[in-house]
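Chain by chain, the residues:
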Amino acid sequence: MEQLFYDADHRLYTAEDIRNALIQIGASDCTTLFVHSDVMFGTPAEGFRKRAYLDTLYEIIRSLGVRNLVIPAFTYSFCNGEAYDIVKSKTSMGAFNEHVRKMEGRYRTDDPLLSVSVPAALEPLFAHVSEHSLGEESAMDILHHMEDVRFLFFGAEMADCFTYVHYVEKMMEVPYRFDMPFEGDVIYPDGTVKTRRQVIHTQCGGVKLPPKYDYFESEMEEKGFLKKCRIGDRYIGCLPEKDAYREIKGHIERNIHYFLEEPFTEGDLTHRYTYSTADGRITHC
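Every value quoted in this text rests on a predicted model; they were computed, and no experiment measured them. (Residues numbered from 1 in each chain as written. Predicted model: local features only at pLDDT ≥ 70, side-chain atom pairs only at ≥ 80, totals over all residues. Heavy atoms only, no water.)

**Q** In this structure, what is going on with the packing of helix 8 (residues 214-222) against helix 9 (residues 241-254)? I would like to understand it.
**A** When two helices pack together, their arrangement is given by the angle between the helix axes and the distance between those axes. Interaxial distance between helix 8 and helix 9 falls to 12 Å at its minimum, and their mutual angle equals 125°. Compared by their axis directions, helix 8 and helix 9 come out oblique. Between helix 8 and helix 9 the crossing geometry is right-handed. Taking contact as the criterion, the partners of Phe216, Glu219 and Met220 in helix 8 are, on helix 9, Glu247, Ile248 and His251. Residue composition of the contact of helix 8 with helix 9, by class: three nonpolar, one polar and two charged. (Axes fitted to C-alpha atoms, helices over the stretch in contact; angles between N-to-C directions. Helix = DSSP H or I, 4+ residues; strand = E, 2+ residues; numbered from the N terminus. Parallel < 35°, antiparallel > 145°, perpendicular 65-115°, else oblique. Left-handed = near helix turned anticlockwise from the far one by under 90°. Contact = heavy atoms within 4.5 Å. Nonpolar A, V, L, I, M, F, W, Y, C, P; charged D, E, K, R; others polar.)

**Q** Got a minute to help me understand the packing of helix 1 (residues 15-24) against helix 2 (residues 50-62) in this structure?
**A** Closest axis-to-axis distance for the helix 1/helix 2 pair is 10 Å, and the angle between their directions is 40°. What the angle tells us is that helix 1 and helix 2 run oblique. Classified by chirality, the crossing of helix 2 by helix 1 is right-handed. Along the contact surface, helix 1 presents Ala15, Ile18, Arg19 and Leu22, while helix 2 presents Leu57, Ile60 and Ile61.

**Q** Help me understand the sheet that holds strand 3 (residues 32-37), please; the structure alone is not making it clear to me.
**A** Pairing between the strands of a sheet is mediated by backbone hydrogen bonds and can be parallel or antiparallel. Taken in spatial order, the seven strands make up an open sheet running 7-8-5-3-9-13-12, and their pairing is mixed. Since the sheet does not close on itself, it has two edges, and those belong to strand 7 (106-108) and strand 12 (227-231), each with one partner. Adjacent strand axes in the sheet meet at a mean angle of 20°, parallel and antiparallel pairs treated alike. Sheet topology note: the strand 12/strand 13 (residues 234-240) ladder contains five bridges and is antiparallel. Within the sheet, the bridge partner assigned to Arg230 lies in strand 13 and is Tyr235. (Pairing = 2+ DSSP bridges.)

In C-alpha cells, the structure reads:
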C-alpha cells in the first residue's frame, strides 16, 4: 500500500485512503469530472518526488473509471498582455493541473483566458470554443450541455475557485457584470500564429465581490449536493453540475445581490475593467 503523505497530526495517508475518499464523495459516479485542485494535502512521504507524487494522484483519479477528466488550464494570457501559446503557456490553476495538461493524449482549447484540457477523444466537441470565455459555446457551456458532469474540488476550496458561478451569471446576463474584450496572439501547436479577440464577463467598476463564496459552499453542503471529506490537511469535495447550475440560477433569481459583497447601485454599473497587472499577474475575472 503506497504511502503518500503525513498530515499536521502525523497521520499517514496512502493511495487507497484517497481513492476510498473519492468514492465516498461520489467522484466515481459520473461520466465527466471537472477538476479544481490544490494538492498540498500534507508532507510527502520520504523519497516521494514531486513528479511521482503528481503521477500517483492522477492515477488514483483515473482508477475511478470516470471516462473524462476535464482540467481547467486557465492562463488569462490576454488580460496580462501576453500571447497565448497552447503548448507552452503555463496554467495558473496549480501544479496538478499543469502536470495533467502536459500529458500525451490530451487536447487544450485555444481560449487564451479560460482554456481547458480534455481527453483527445473530446477534441471534436471542444475544438471550436466560443470567443466569449463564459458565453454560449464556451468550455463551461459545453460542459453544461454534457450529461453526468461533476465538479471535483481536489484539495481546492469551492469557495475560492468556482469560476462556474460567472458562467451562470453570463447566461442570465446579470446587470452587475459586462463583456470586456481583449485581443492578442494565439500560438498553435504547429507554430501557426493567429490574432484573436476574446471576451470575458467581468464585474462592473463599482461592484464589490465577496472575498470568497464560503456561504454558498456551506449551503451546498448542508443541502447534500456537495459531498466533502477531509484528506490530510485539506478537504476534497464533489458537486453535480446540474445541481450547481440550478442552485446558482435560483439564488440570482431570488436575490440579484446574492453573489456580491453588498448591493450595487446604478452608479456602480460602470463598464470599467477593475483588474491591473500593476498589482501582479491577473489570475481571475
